[in-house]
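What follows is the residue order along each chain.
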Amino acid sequence: MAKNFYEVLGVSKTANDDELKSAFRKLARQYHPDLHPGDEAAANKFKEVNEAYETLSDPQKRAEYDAAQAGGGGAAGAGAGGPGGARGNSFFDEFVNMFGNEHHAGGGAHGGGGDISLNVTLTFEEAAYGTQKEITVNRFEPCAACRGTGAKGGTQFVKCTNCGGSGKVRYAQETPFGRVVSMKPCNVCGGSGRIIKEPCPSCGGRGSLRKNSNLRITFPAGIEPNQILTIPNEGERTRTGAKAGNLILNITVLPHKLFRRKGLDLLVDIPVAFTQALMGDKVLVPTLKGNKIAFTLPEGAQSGMTFKLKEQGLENPKKQLKGDLLVTIDIELPKNLSKEQRQKIKELHESLKPEQYDKAREFLKK
């Protein structure tokens, strides 16, 4: 009967990468040949654990394995992507991925730390003028008890016999171009070249602990909605001291009750009394900073007209650029007229000539 790799590692079918890695390392330490010299049963169990982790730790192999299990297929190494097995990829993909394993074996011991992505919400004003905010990042940090080594006391190791202490193993495959050999991190020691004899009780031999870290992040003035802000080296750490991943911040900007943005320009709609538009008048235009600017409407201004107040928008200090404030007027008609007001408006209407209405005149022509 085909082996169930999840049962071999003692994890559920929904186990994530961290759970898989933790289970593998625990079992690898338990059955490692170095700790059980001459024990054939332990050696076979070690190979079985290694085969299970080899398949389930690779997203593509795991997907193929799960599909095979669901379809009643076996879980042999070839079927899970081993040499000579049938895989869903073309030969070209197989050939490229084989070499990619050497340089992109994930955020393990020889790779850098993984990136962390967070969503950050800013107010309209914070995005416009820039701000500093404290961001909480949940990430792996080196274990203080073992100094990130994973070993109790930070010193007890033996050389890994699977890779000879190099941290890498050769991966060979027969191709139409001949036998191709590439290197990848050793699955037994995680690429460190060493096996922990006694794991650190604080971190369970992982060398790192997940914890919340508070970072003070500066958001520049004029940051755009949906912009991506990358903070280098503030992502996941690695226990070997390799380069940390990046912190990727996805920016959401809350809408303002009055203003909209278009690059560095600010847009605002203001209501204007029909008499102000008819006669021409000074109106007060609000600004994002809270003050108001007096602006004179031209006589006969029409609803929907937009006027530009230069350099009253947002500023980009780096590029030394300033946006404008674009004011669109919305002419409002009065309600609940008194009898006297209605009479006066009627007299005004009767005194006006058709040629004084440009849009109406053009409409009648058509």
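Residues numbered from 1 in each chain as written. Predicted model: local features only at pLDDT ≥ 70, side-chain atom pairs only at ≥ 80, totals over all residues. Heavy atoms only, no water.

### Some words on the state of the cysteines
To keep it simple, the criterion reads: Note on terminology: disulfide denotes any pair of cysteine sulfur atoms within 2.5 Å.
Scanning all chains against the criterion turns up zero disulfides. You can see Cys146 has no disulfide; the closest cysteine sulfur is in Cys143, sitting 3.7 Å from it. For Cys203, which is in no disulfide, the shortest distance to another cysteine sulfur is to Cys146 and amounts to 3.8 Å.

### A short note on the side chain of His256
Quick reminder of the rule: Comment: elements are numbered from the N terminus, with helices defined as DSSP H or I runs of at least four residues and strands as E runs of at least two. A 1.4 Å probe rolled over the protein chains alone gives each residue an accessible area, and that area as a share of the maximum for its type sets the label: buried under 20%, exposed over 50%, partly exposed in between. Any N or O atom pair separated by 3.5 Å or less is treated as a polar contact, with the protein-specific requirement of one donor-capable and one acceptor-capable atom, and with residues adjacent in sequence counted only for side-chain atom pairs. Contacts between residues were defined by any pair of non-hydrogen atoms, one from each residue, lying within 4.5 Å.
In this structure, His256 sits in the loop between β9 (247–253) and β10 (259–262). Assessed through its relative accessible area of 18%, His256 is described here as buried. Here the side chain of His256 touches Glu125 through a polar contact of 3.2 Å, side chain to side chain. One polar contact links the side chain of His256 to the main-chain amide nitrogen of Phe259, over a distance of 3.2 Å. Residues contacting His256, with those up to four places away along its chain left out, are Phe124, Glu125 and Leu288.

### Regarding the packing of helix α3 (residues 40–56) against helix α4 (residues 59–70)
Here is the rule we go by: Convention adopted: a line fitted to C-alpha atoms gives each axis, helices being fitted over their contacting stretch, and angles between N-to-C directions are expressed from 0 to 180 degrees. Any angle from 65 to 115 degrees is called roughly perpendicular, while one under 35 is roughly parallel, one over 145 is roughly antiparallel, and all others are oblique. Classes in brief: Ala, Val, Leu, Ile, Met, Phe, Trp, Tyr, Cys and Pro nonpolar; Asp, Glu, Lys and Arg charged; the others, Gly included, polar.
At a minimum axis distance of 6 Å, the contact between α3 and α4 shows a crossing angle of 100°. With respect to α4, the element α3 is oriented roughly perpendicular. Along the contact surface, α3 presents Glu54, Thr55 and Leu56, while α4 presents Lys61, Arg62 and Tyr65. Tallied by class, residues from the contact of α3 with α4 come to two nonpolar, one polar and three charged.

### What about the pattern of salt bridges?
The criterion, for reference: Think of a salt bridge as a Lys or Arg side-chain nitrogen and an Asp or Glu carboxyl oxygen that are within 4 Å of each other.
Scanning the model with the defined rule gives twelve salt bridges in all. The residue Glu54 makes a salt bridge to Lys61 at a minimum N-O spacing of 3.4 Å. What makes Lys61 buried here is its relative accessible area of 9%. For Glu126, the salt bridge is made with Lys133, and the minimal N-O distance between the two is 3.5 Å. On the basis of relative accessible area, Lys133 is assigned to the partly exposed category, the value being 23%.

### Quick word on the packing of aromatic side chains
Definition in use: Two aromatic rings, drawn from Phe, Tyr or Trp (for Trp, its six-membered ring), form a pair once their centres lie within 6.5 Å of each other, and the interplanar angle then sorts them: stacked below 30 degrees, edge-to-face above 60, tilted otherwise. The criterion for a charge sitting over a ring is simple: Lys NZ or Arg CZ within 6 Å of the ring centre, and within 35 degrees of the ring normal.
Evaluation of the coordinates by the stated rule reveals four aromatic pairs. Ring geometry for Phe24 versus Tyr53: centroids 4.3 Å apart, planes at 15°, classification stacked. In this pair, Phe24 is assigned in helix α2 (residues 17–31) and Tyr53 in helix α3, connecting sequence segments 29 residues apart. By relative accessible area, Phe24 is classed as buried at 1%. Given the relative accessible area of 10%, Tyr53 is considered buried. The structure contains a cluster of three or more aromatic residues connected by ring pairs, namely Phe5, Tyr6 and Tyr65. One residue, Arg210, lies across the ring of Phe140, its end atom 4.1 Å from the ring centre.

### Section: the nonpolar core
Note on soluble globular proteins: their nonpolar side chains tend to be buried together. This is how the line gets drawn: Think of a nonpolar core as a cluster: buried Ala, Val, Leu, Ile, Met, Phe, Trp, Tyr and Cys residues, connected wherever their side-chain atoms sit within 4.5 Å.
Residues Phe219, Leu249, Ile251, Ile270, Val285, Leu297 and Leu325 are the most contacted members of the largest nonpolar core, which totals 37 residues. Discounting chain neighbours no more than four positions away, the residues touching Ile270 are Val283, Val285, Pro286, Val327, Thr328, Ile329 and Asp330. Counting 24 residues, the second-largest nonpolar core is a separate cluster that includes Leu9, Phe46, Val49 and Tyr53.

### As for the sheet that holds strand β14 (residues 306–309)
Cut-off, in case you're wondering: Here, any two strands with at least 2 DSSP bridges between them count as paired.
Pairing is mixed across the open sheet formed by four strands, whose spatial order is β10-β11-β17-β14. Either end of the sheet is taken by a strand with one partner, and the two such strands are β10 and β14. Ignoring strand direction, the axes of neighbouring strands in this sheet form an average angle of 30°. When β10 meets strand β11 (residues 265–273), the two strands line up antiparallel, connected through four bridges. From the neighbouring strand, Arg261 faces β11, where its bridge partner is Leu266.

Remember that the coordinates give geometry; whether it matters functionally is a separate question.
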